[in-house]
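# Structural overview
So you can see what is in the structure, the chains are spelled out below.
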Amino acid sequence: MKRILALVALLLGLALAQAPAYPENTLGLGYAPDRGVYLQGSALLPFAPLGIDTGLDTQVLLQPTPQVYALLKANLFPGLVLADLYASVGLGLDLRYPLGFHLGPVVSVEVPGGALSGTLGLGYQGGFHLAWGAGFRLYLEPLALEVTASDRYPFLLSLLYLW
């Protein structure tokens, strides 16, 4: 239990989202009706190999059993334009506790006032596993309201603080 608490403290220290391919700094709470309350957020990482922005998204579910999700992402194509909307495409590596990991694309399309995002990853979680996630984030500066679904939960509503 001490190891789990130390890991949670480390993740919170790094600034605790599912979401855009581009890294952001956020911190907030999410609620999934069938799972409970999540601590979540994201952080722009201080290193940018070859000028590529990197970020870390995390979610921590403490009840009924501790679960931790971390998505390391690299925004490979940040300035794409799709039908007059900005889009970003990146690569994400998600790590899950208990044991699980997935590698795949992360995609975001900015729409007026928000962003649509999706992830897909192949990996291992008790065997071969396909991870997916989709979400919409509405920006209400300095807050954001986010609605997401993924292979981990069918519905999550989050309120995030942006800085």
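Above: the structure in question.
To start, this report covers the structure provided alongside it. Computed from a prediction, not measured in an experiment: that's the story for all the values here.

What follows deals with the sheet that holds strand β7 (residues 114–124). In space, the ten strands of this closed barrel follow the order β1-β2-β3-β4-β5-β6-β7-β8-β9-β10, with antiparallel pairing throughout. Direction aside, the axes of adjacent strands within the sheet are offset by 20° on average. Pairing analysis gives eleven bridges linking strand β4 (residues 67–82) to strand β5 (residues 85–97), with the strands arranged antiparallel. From the neighbouring strand, valine 81 faces β5, where its bridge partner is tyrosine 86.

The next point concerns the packing of aromatic side chains. The tally for this structure, following the rule as stated, stands at three aromatic pairs. Ring centres of tyrosine 38 and tyrosine 153 lie 5.6 Å apart, and the angle between their planes is 65°; on these two criteria the pair is classed as edge-to-face. Here tyrosine 153 lies in the loop between β9 (143–150) and β10 (156–162) and tyrosine 38 lies in strand β2 (residues 36–44), a separation of 115 residues in the sequence. Tyrosine 153 matches tyrosine 38 in its accessibility class, with the two residues each being buried. On the basis of an interplanar angle of 25° and a centroid distance of 6.3 Å, the ring pair of tyrosine 161 and tryptophan 163 is categorised as stacked. Look at tyrosine 161 and you get partly exposed, because its relative accessible area is 42%. A cation over a ring is seen here: arginine 152 above tyrosine 69, with NZ or CZ 3.6 Å from the ring centre.

In summary, the side chains of a regular strand alternate between the two faces of the sheet. In β9, alternate side chains face the same way, and those of Ala144, Glu146, Thr148 and Ser150 are buried while those of Leu143, Leu145, Val147 and Ala149 on the opposite face are not. Strand direction decides the pairing type here: strand β8 (residues 128–140) and β9, joined by eight bridges, are antiparallel. For phenylalanine 136, the partnering residue across the bridge sits in β9 and is valine 147. Bridge analysis of β9 against β10 gives six bridges, and the strand direction is antiparallel. Following the sheet pairing, threonine 148 is matched in β10 by leucine 156. A loop of five residues connects β9 with β10, the two strands running antiparallel in sequence.

This part covers unusual backbone geometry. Each neighbour pair has its own omega, and for glutamine 63 with proline 64 the value is -5°, a cis peptide bond. Mapping proline 64 onto the fold places it in the loop between β3 (53–61) and β4. At the junction of glutamate 141 and proline 142, the peptide bond is cis and its omega measures out at 0° in the coordinates. The topology assignment puts proline 142 in the loop between β8 and β9. Look at leucine 50: it is not a glycine, yet its phi comes out positive at around 55°.

So, on to the pattern of salt bridges. For the structure shown, the criterion picks out five salt bridges. The residue glutamate 24 makes a salt bridge to arginine 137 at a minimum N-O spacing of 2.2 Å. Pair noted here: glutamate 24 is in the loop between α1 (2–13) and β1 (26–32) and arginine 137 is in strand β8, with a separation of 113 residues, a long-range link. Among the residues examined, glutamate 24 registers a relative accessible area of 16% and is labelled buried. Residue arginine 137 is classed as buried on the basis of its relative accessible area, which comes to 1%. Here glutamate 146 and arginine 137 are joined by a salt bridge, their closest N and O atoms 2.8 Å apart. Among the residues examined, glutamate 146 registers a relative accessible area of 1% and is labelled buried.

The rules we used
Residues numbered from 1 in each chain as written. Predicted model: local features only at pLDDT ≥ 70, side-chain atom pairs only at ≥ 80, totals over all residues. Heavy atoms only, no water. Pairing = 2+ DSSP bridges. Helix = DSSP H or I, 4+ residues; strand = E, 2+ residues; numbered from the N terminus. Axes fitted to C-alpha atoms, helices over the stretch in contact; angles between N-to-C directions. Phe/Tyr/Trp six-rings, centres within 6.5 Å; stacked < 30°, edge-to-face > 60°. Buried < 20%, exposed > 50% of the residue type's maximum accessible area, 1.4 Å probe, protein only. Lys NZ or Arg CZ within 6 Å of the ring centre and 35° of its normal. Salt bridge = Lys/Arg side-chain N within 4 Å of Asp/Glu carboxyl O.

Shape is all these values report; function is a separate question.
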